[in-house]
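Given next are the chains, with one letter for each unit.
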Amino acid sequence: MNFELNDEQRAFAQSARDFAQAELAPHAARWDAEAIFPRETIAQAGALGFCGLYAPESIGGLALPRLDAALVFEEMAAIDPSTTAFLTIHNMATWMVGTWGGERLRATWGEALTSGAKLASYCLTEPGAGSDAASLRTRAERDADGYRIHGAKAFISGAGSTDLLVVMARTGGPGARGISAFAVPADTPGIQYGKKEEKMGWNSQPTRAIAFDGVRVPADHLLGQEGEGFRIAMKGLDGGRINIATCSVGAAQGALGVAQRYLHERRQFGKSLAEFQALQFKLADMATELVAARQMVRLAASKLDAADPDATTYCAMAKRFATDIGFAVCNEALQLHGGYGYLRDYPLERLVRDTRVHQILEGTNEIMRVIVARRMLEDGAPDTIR
């Protein structure tokens, strides 16, 4: 087992670090305060390949392993978890189009998505179907030359500002086997976008509900086959859980670095905060837990890259652990700053707000525990999860 990154991985990480410092750091606070969706900056990320990190090369993607993609996302999330999180969602939707889309669909949308010229949203969650995604009610009904979609989606990142929607809709009976996946141009007649949600964090990406009223979708916009949608969605969520866990690790690393510097700069009772043993212990625990979270995420990414039969379980464990630790480290970093941490002059309150939602989306951390426990209680499972 080799924990060291190779030269190519280090180069990807450095490229992402340089981009984050040059293009995200000067603007992240303003994007958050003014709720600006930075499409031009995302397009710049696309020019570096960051909009199609693990999408197939056939549509202009880099086809990187999930581990390598995680290195890129971590570096950017250390500066701006909100914008980086949208990039991870766009990458997932782009990968779905490139992997399951037909030739015509890939020719029309593939390179536009991997370049960042066009952006995609992922539409699974509904007002009545959150954790129980297999109960979704949005329907896609066959007609003479395609499908008509009726229904509603909720909490859709980028909605109203993106160009393509990857939509999960029911084409068959109840349950997971009745769900199919579609690529729907975001300006198709019959699509209506709700109000822009006022959120605690993730303010550099808009979030809206979407209503579909007889939205016509050509037959060749079906991803995969009818009935494959839930399987596609779950494969996407395995990677999505690694992505959001990585964003938590990155944000926590950014917060830890700010705290390290502050402990040297701030003086109380005649000495720097770095000289107080209680604060030294706190910093040591933060660093230790962050390293553990990072290694768990990278282990899960390696399992997914290797198509390990227990990859889903490891992705769930990594998502649960890393998002809990990431939020805790950001919160502790804020606490170390005292009242200053609560001010927008420092990035910590933004990092705390942005990482809180990571414990909810891509499957709540309670659902992650369900996934792990279910696998652990299967016959023979204790010998495979270790």
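Scroll up to find the structure.
Residue indices begin from 1 for each chain and proceed along its sequence in written order. Reporting in this predicted model follows two pLDDT cut-offs: at least 70 for local features of residues, and 80 or more for side-chain atom pairs to be given and counted; totals over whole chains, interfaces and linings ignore these cut-offs and use all residues. Only hydrogens and water are set aside; all other atoms, that is, all heavy atoms of the structure, feed into the side-chain values.

Turning to the nonpolar core, a few remarks are in order. One finds M76, M96, Y122, M168 and L223 to be the most contacted residues of the largest nonpolar core, which totals 56 residues. Examining the composition of this core, we find that ten residues originate from one element, helix α5 (residues 81-100), more than from any other. The contact rule is simple, with two residues in contact once any of their heavy atoms fall within 4.5 Å. Sequence-distant contacts of M76, defined by excluding residues within four places in its chain, comprise A16, F19, A20, L24, F50, T84 and L87. Grouping buried Ala, Val, Leu, Ile, Met, Phe, Trp, Tyr and Cys residues that are joined through side-chain atoms within 4.5 Å yields what is termed a nonpolar core. In this scheme, a residue with accessible area under 20% of its type's maximum is buried, one over 50% is exposed, and one in between is partly exposed, where area comes from a 1.4 Å probe on protein chains only. The next biggest cluster of nonpolar side chains, apart from the first, holds 40 residues, and it includes V258, Y314, V352 and I385. A run of H or I in DSSP becomes a helix once it reaches four residues, and a run of E becomes a strand once it reaches two; helices and strands are each numbered from the N terminus.

Here S204 is to be found in the loop between β6 (191-193) and β7 (207-218). N or O atoms closer than or at 3.5 Å make up a polar contact, with two conditions inside protein: a donor-capable atom paired with an acceptor-capable one, and, for residues adjacent in sequence, both atoms drawn from side chains. Among the polar contacts listed, one links the side chain of S204 to the side chain of S82, at a separation of 2.7 Å. Of the polar contacts made by the side chain of S204, one reaches the side chain of T83; its length is 2.8 Å. The contact partners of S204, leaving out residues within four places of it in the chain, are W31, I36, F37, P38, D80, S82 and T83.

Turning our eyes to something else, we now look at helix α1 (residues 7-24). Given the number of residues in a helix, its expected span is that number minus one, multiplied by 1.5 Å. In this model α1 runs 25 Å from its N-terminal to its C-terminal C-alpha over 18 residues, within 8% of the 26 Å that 1.5 Å per residue would give. Where α1 is concerned, the buried positions are Q9, F12, A13, A16, F19, A20 and L24. The buried residues of α1 occupy an angular sector of 125 degrees when the element is viewed end-on, so they sit on one face. In the core, the buried residues of α1 are packed alongside α2 (28-34), α3 (39-47), α4 (66-77) and α5. Starting at the helix axis, one direction is taken to each C-beta atom, and the arc is that of these directions.

Time to look at the environment of G98. Summarising the element assignment, G98 is placed in helix α5. The exposure class assigned to G98 is buried, which follows from its relative accessible area of 8%. For the pair G98 and E111, spaced 13 residues apart in the sequence, the C-alpha separation amounts to 9.4 Å. Not counting the four nearest positions on each side in its chain, G98 is found in contact with P56, I59 and R106.

Quick look at the pairing of strand β1 (residues 120-123) now. Burial along β1 is two-sided: A120 and Y122 and S121 and C123, pointing in opposite directions, are all buried. In this description, strands pair whenever DSSP reports at least two bridges between them. Sheet topology note: the β1/strand β4 (residues 164-170) ladder contains four bridges and is parallel. Looking across to β4, one finds that A120 is bridged to L164.

Only the stretch in contact is used when fitting a helix axis, every axis being a line fitted to C-alpha atoms; angles between N-to-C directions are given from 0 to 180 degrees. The contact between α4 and α5 brings their axes to 8 Å, and the two run at 155 degrees. Viewed along their axes, α4 and α5 adopt a mutual orientation that is roughly antiparallel. Listed contacts from α5 to R66, F73, M76 and A77 of α4 are P81, T84, L87, T88, N91 and W95. Throughout, the term roughly parallel applies to angles under 35 degrees, roughly antiparallel to angles over 145, roughly perpendicular to angles from 65 to 115, and oblique to all others.

A word on the packing of aromatic side chains. Pairing of aromatic rings covers Phe, Tyr and the six-membered ring of Trp, with a centre-to-centre limit of 6.5 Å; geometry is then stacked below 30 degrees between planes, edge-to-face above 60, and tilted otherwise. Counted according to the given criterion, the structure contains eight aromatic pairs. Ring geometry for Y262 versus Y346: centroids 6.2 Å apart, planes at 85 degrees, classification edge-to-face. Of this pair, Y262 sits in helix α7 (residues 229-265) while Y346 is found in the loop between α9 (311-336) and α10 (348-356), placing the two residues 84 residues apart along the sequence. Residue classification places Y262 among the buried residues on the basis of a relative accessible area of 5%. The rings of Y54, W95 and W100 are connected pair by pair, giving a single aromatic cluster. Its guanidinium or amino end placed over the ring of Y54, R66 lies 3.7 Å from that ring's centre, counting from NZ or CZ. Definition used: whenever NZ (Lys) or CZ (Arg) falls within 6 Å of the ring centre and also within 35 degrees of the ring normal, the charge is taken to sit over that ring.

Backbone geometry at A307 places phi at a positive 55 degrees, although glycine is not the residue there. In this structure, A307 sits in the loop between α8 (277-305) and α9. The class of A307 is exposed, set by a relative accessible area of 63%. Positive phi outside glycine occurs at E362, with the angle close to 55 degrees. If you trace the backbone, E362 turns up in the loop between α10 and α11 (365-376). Judged by relative accessible area, which is 15%, E362 ranks as buried.

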